[in-house]
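One letter stands for each residue in the lines below.
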Amino acid sequence: MTTYETRTNGGVADDERAWWKEAVVYQIYPRSFADSDGDGFGDLPGLINRLDYVSSLGADVIWLNPIYDSPQRDNGYDISDYQSIDDEYGTMDDWEELLSEIHARDMKLVMDLVVNHTSVDHEWFQKSRRGDPEYEDYYIWREGDGDGPPNNWQSFFGGSAWTYDEEREAYYLHLYDTSQPDLNWENEAVRRDVFETIEWWLEKGIDGFRMDVINLLSKADGLPDGDPDSEWVGSEHFIDGPRITEYLDAMDEQVLSNYDVMTVGEMPQLSVEQAKSYTGTDGPLDMAFHFQHTKLDYAENQRWAIGEWDLEELKEITSRWQNGLAEEGWNAIYWENHDQPRVVSRYGDPVNYRRESAKLLGTFSLTLSGTPYIYQGQELGMTNSPWTSIADMRDVDAINHAKALLETDDYDEYTDIQDTISYRSRDNARTPMQWEPSENAGFTEGDPWIQVNPNYDEVNVGDAEDDPDSVLNYYRDLLDLRDSHDALVYGDYCDLLPDHESVYVYTRTLGTAEGTERLLVVLNFFGDEETVEVPVKFETASLLLSNYDRDDDDPTTVTLAPYEARVYELR
Ligand code: GLC
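About the cut-offs
Residues numbered from 1 in each chain as written. Predicted model: local features only at pLDDT ≥ 70, side-chain atom pairs only at ≥ 80, totals over all residues. Heavy atoms only, no water. Salt bridge = Lys/Arg side-chain N within 4 Å of Asp/Glu carboxyl O. Domains from an automatic or database assignment. Near = heavy atom within 4 Å. Polar contact = N/O pair within 3.5 Å; in protein donor to acceptor, adjacent residues only side chain to side chain. Areas by Shrake-Rupley, 256 points an atom, 1.4 Å probe, with all protein chains shown as cover. Nonpolar A, V, L, I, M, F, W, Y, C, P; charged D, E, K, R; others polar. Core = buried A, V, L, I, M, F, W, Y, C linked by side-chain atoms within 4.5 Å. Buried < 20%, exposed > 50% of the residue type's maximum accessible area, 1.4 Å probe, protein only. Contact = heavy atoms within 4.5 Å. Helix = DSSP H or I, 4+ residues; strand = E, 2+ residues; numbered from the N terminus. Lys, Arg positive; Asp, Glu negative; His and termini not counted. UniProt positions renumbered as here; feature names shortened; annotations may be inferred. Pairing = 2+ DSSP bridges. pLDDT = per-residue confidence, 0-100. Axes fitted to C-alpha atoms, helices over the stretch in contact; angles between N-to-C directions. Parallel < 35°, antiparallel > 145°, perpendicular 65-115°, else oblique. Left-handed = near helix turned anticlockwise from the far one by under 90°.

A. Quick look at the pattern of salt bridges. Scanning all chains against the criterion turns up 34 salt bridges. Salt bridges sharing partners connect three or more residues here, namely D74, R303, D339, D395, D397, R426 and R430.

Written out as structure tokens, the structure is:
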């Protein structure tokens, strides 16, 4: 048996500690959280009514998806006014009340910042399209190349990244939907206006920003054609572009650094090296979301194709990020968000082991190094929803891709693509929060804007509250565990069985004034029983938590049931 020396980091220096490292973030997608007025859309008063629930989980921070004025083509990621609240959600007074109610519960509020693009309805775009001299360079306008668009870049939502505008008689760039034109960050006036917006919200007392696709702001000079074979054509010319560091550093120096707030960047195609420079001591951000673990179930690197996933690959990715940012930078840990299908339906077993696998996946997230994010409903073990027709879908991305697939010669009708589209659609994350085993899951008294997952009579907060074995109550235990063990926040990570195909075993170790705190996490990621020899030395061991009813304190040889998770403390 191999034995591993544990590393200790000699305690946590005061300047290494930060509230946002010790926090657990709960993400709320307000459209689908709680509807107070029966119009079928979630709103701020509904959310305020449910704050005690969020607080009862032990969450420290709420990240709220966009609630600004928007035509809602991409559910609020197409903003038409950065400084007002969309009627769908309520008023600025409701928002002020929300902030103060969050603070009254000792939680913090992080808002979404979407400044790579605006909506076509934004006043800046309207003026730009008319050629108003002050705004003509606020967006990226180009002449076509012959009859076609200026270059071969693709929109993330499918099709060309350029749309011809009759009024301006030119093409504008949109890396997402055609209703989301990219801002021209080269223009100093754009940067000034965005920084002012950021400051305006910070002055209102918010506690940070989640920054939408923030490493896409800088586009390469001359907008050259991209490699036609890459997953996202053109991305080598707009991801981590030439001036991105300059823009983010300026945002930090001029605005963010004047406030005690947290910042998390959403960064497609991020590497560990880049993450270090964005989130290290001198970097502009606190942490960043990368996507590598969300692609394990792609087939041939294609998002709209489903493949088998492999635990060793998850271990390799996780260890690379855990070790890579151990000294410099900070991780943001997540499985789900409003863009990702439900994790139980991807990496767990929603049919035979829904509870067990939901708890196992939660144990993983909450015992790693980095700030954990929980997406609404994840703490219930919510699953993907059945999508039997495009008419039921609301996600512009899934709808565009479904239509594009049907236009190819490979597929004739929706049933041919249903499995893939249903599995991958972002709508899976956006079905209403399941509060009660009653009509519309207690989300609304009206007609919900998107279908309710039919399993709400089995998966819902009301029943979970009453059940000591529920996923919800297990999440509460996990948050308590993290709260009471500094090693889970600041400890070193060490993968003890990198080559095991189905069991993931790691330690988190922290040297403290009272001695070494060491936790051992043992996770069986699949549906077969497994026995593992755990290569670790210790004097005493005690089992702190498991998703099965266990009282065995010896972690040396462990027989694990399907999807079993255990966390031990070693001394
Ligand atoms: C981010 C958001 C996503 C949105 C896209 C365009 O990826 O998370 O929901 O569609 O950016 O703003």
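B. Representation of the domain arrangement of the chain within the structure. Here the chain is described as being made up of domain 1 (17-115 + 188-385 + 426-477), domain 2 (123-173), domain 3 (388-424) and domain 4 (491-570). Computed over C-alpha atoms, the centres of domain 3 and domain 4 are 42 Å apart.

C. Quick peek at the site of the ligand. Taken together, 14 residues surround the ligand, and among them D74, H117, D212, H338 and D339 come closest. Note that an oxygen atom of the ligand is positioned 2.8 Å from one of the side-chain N or O atoms of H117. For the ligand, whose accessible area on its own is 310 Å², the fraction buried by protein is 96%. Its residues assigned to classes, the shell around the ligand shows four nonpolar, three polar and seven charged.

D. Spotlight on the nonpolar core. Membership of the largest hydrophobic core comes to 136 residues, with the highest contact counts inside it found for Y26, W95, M111, I198, F209, Y373 and F525. Setting aside anything within four residues of it in sequence, one finds W95 in contact with L44, I67, I85, L109, M111, W201, K204 and I206. Core analysis: the second largest hydrophobic core is formed by 17 residues, Y414, I417, A429 and W449 among them.

E. The arrangement of the side chain of R191 in detail. One can find R191 in helix α6 (residues 188-203). Look at R191: it is buried, it has no salt bridge, and the nearest opposite charge is E246 at 4.5 Å. At 2.7 Å, the side chain of R191 and the backbone oxygen of W185 are in polar contact. For R191, the side chain forms a polar contact with the main-chain oxygen of E186, separated by 3.2 Å. With residues up to four places along the chain from it excluded, the contact list for R191 reads W185, E186, R243, E246 and Y247.

F. View of the UniProt feature "domain: Glycosyl hydrolase family 13 catalytic" (unreviewed entry) in the chain. Residues given the UniProt feature "domain: Glycosyl hydrolase family 13 catalytic" (unreviewed entry) here are residues 27-430. Here residues 27-430 is 31% helix and 14% strand, with 12 Å between the C-alpha atoms at its ends.

G. Region of the structure containing the sheet that holds strand β7 (residues 162-165). With antiparallel pairing, the three strands of this open sheet are ordered in space as β6-β8-β7. Here the strands that pair on one side only, and so sit at the sheet edges, are β6 (141-142) and β7. Bridge analysis of β7 against strand β8 (residues 170-173) gives four bridges, and the strand direction is antiparallel. Residue pairing across strands places Y164 opposite Y171, the latter belonging to β8.

H. Spatial organisation of the confidence of the model for the chain. Summary statistics for the chain give a mean pLDDT of 96 and a share of 98% for residues scoring 70 or more. Low pLDDT, under 50, characterises residues 1-9; the stretch is placed with 23 contacts to residues that sit more than four places away or in other chains.

I. Quick look at the packing of helix α11 (residues 354-366) against helix α16 (residues 471-483). Two elements in contact, α11 and α16, have axes whose closest approach is 10 Å; the angle formed by their N-to-C orientations is 15°. Judged by the inter-axis angle, α11 sits roughly parallel to α16. Remark: the crossing between α11 and α16 carries right-handed chirality. Of the residues in α16, those touching α11 at R354, R355, A358, K359, G362, T363, S365 and L366 are V471, Y474, Y475, L478, L479 and R482. When the residues that make up the contact of α11 with α16 are grouped by side-chain class, the tally is seven nonpolar, three polar and four charged.

J. Looking closely at the sheet that holds strand β18 (residues 515-524). The strand order β16-β17-β18-β22-β20 describes an open sheet built from five strands, whose pairing is antiparallel. Both outer strands of the open sheet, β16 (492-495) and β20 (541-546), are each paired with one neighbouring strand and no more. Strand after strand, the sheet turns through a mean of 20° between neighbouring axes, direction not considered. Judged from the five bridges that link them, β20 and strand β22 (residues 565-570) form a sheet pairing that is antiparallel. Bridged to S542 within β22 is E569. Packed on one face of the sheet, helix α9 (residues 311-324) meets β16 and β17 (503-512) and runs near 155° to β16. This element, α16, spans β20 and β22 of the sheet and lies at about 140° to β20.

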